[in-house]
Amino acid sequence: MDFEVIGPESKVYPGEYLLHEPTQEIVLCGAYVKIEGKIRAMRQGRLMEDKVENFRKIHMNRQEQKEHRLKKCGRCKTK
């Protein structure tokens, strides 16, 4: 998993997961306001707003994506 700096030419879409560096948490992007240089995101069920410099884009290669999709909790097997 790689984390990319969000620059002025980067595109950030609502619904995309980002890393919030000060809290080291994965957040859900709600809005990217390029003019103000801020991102609104959902963190622990609450809306937050912070500077773009505090966020990183998450990139996973195909193998990591495949492994992530295959992981399940296992509760359904016991029923």
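Structure: see above.
Residues numbered from 1 in each chain as written. Predicted model: local features only at pLDDT ≥ 70, side-chain atom pairs only at ≥ 80, totals over all residues. Heavy atoms only, no water.

Colleague: Would you mind showing me how to read the nonpolar core here?
Modeller: For soluble globular proteins, nonpolar side chains are generally found buried alongside one another. Core analysis: the biggest nonpolar cluster contains 10 residues, these being Ile6, Val12, Leu18, Val27, Cys29, Ile39, Ala41, Met48, Val52 and Phe55. Breaking this core down by element, the ones donating at least two residues are strand 3 (25-33) and strand 4 (38-43). Non-local contacts of Ile6, meaning those with residues more than four positions away in its chain, are made with Val12, Leu18, Tyr32, Ile39, Val52, Phe55, Arg56 and Lys57. (Core = buried A, V, L, I, M, F, W, Y, C linked by side-chain atoms within 4.5 Å. Buried < 20%, exposed > 50% of the residue type's maximum accessible area, 1.4 Å probe, protein only. Helix = DSSP H or I, 4+ residues; strand = E, 2+ residues; numbered from the N terminus. Contact = heavy atoms within 4.5 Å.)

Colleague: I tried to follow the pairing of strand 5 (residues 46-51) on my own but got confused; where do I start?
Modeller: The side chains of a regular strand alternate, first on one face of the sheet and then on the other. In this structure, strand 4 lies alongside strand 5, joined through six bridges in antiparallel fashion. Residue Met42 lies in a different strand from strand 5, and its bridge partner there is Leu47. Where strand 4 folds back on strand 5, the antiparallel hairpin that results is connected by two residues, among which Gln44 adopts a positive phi of roughly 55°. (Pairing = 2+ DSSP bridges.)

Colleague: Quick question: what am I supposed to make of the pairing of strand 4 here?
Modeller: Examined bridge by bridge, strand 3 and strand 4 share five bridges and lie antiparallel to one another. From the neighbouring strand, Tyr32 faces strand 4, where its bridge partner is Ile39. Between strand 3 and strand 4, which pair antiparallel one after the other, the connecting turn spans four residues, and Gly37 there sits at a positive phi close to 75°.

Colleague: Sorry, what's going on with a nonpolar patch on the surface here?
Modeller: Side chains of Tyr17, Ile26, Leu28, Met42 and Leu47 sit close together on the surface and give an oily, nonpolar patch of about 500 Å² of accessible area. Looking at the element boundaries, Tyr17 is found in strand 2 (residues 17-20). Residue classification places Tyr17 among the exposed residues on the basis of a relative accessible area of 51%. (Patch = residues over 30% accessible without salt bridge, like charges linked within 9 Å, V, L, I, M, F, W, Y side chains within 5 Å. Areas by Shrake-Rupley, 256 points an atom, 1.4 Å probe, with all protein chains shown as cover. Salt bridge = Lys/Arg side-chain N within 4 Å of Asp/Glu carboxyl O.)

Colleague: How should the sheet that holds strand 2 be read in this particular structure?
Modeller: The pairing of strands in a sheet comes from backbone hydrogen bonds and takes either a parallel or an antiparallel form. Read from one edge to the other, the open sheet built from six strands follows the order 1-6-2-3-4-5, with strand pairing classed as antiparallel. Whereas interior strands pair on both sides, the edge strands pair on one side only; in this sheet they are strand 1 (2-5) and strand 5. Taken pair by pair, the neighbouring strands of this sheet meet at an average axis angle of 45°, ignoring direction. Alignment of strand 2 against strand 3, held across four bridges, turns out to be antiparallel. If you follow Leu18 over to strand 3, its bridge partner there is Val27. (Axes fitted to C-alpha atoms, helices over the stretch in contact; angles between N-to-C directions.)

Colleague: Please clarify how the environment of Asp50 should be interpreted in this entry.
Modeller: When you line up the elements, Asp50 lands in strand 5. Between the C-alpha atom of Asp50 and that of Gly37, which follows or precedes it by 13 residues, the distance is 8.6 Å. A polar atom in the side chain of Asp50 sits 3.0 Å from the side chain of Asn54. (Polar contact = N/O pair within 3.5 Å; in protein donor to acceptor, adjacent residues only side chain to side chain.)

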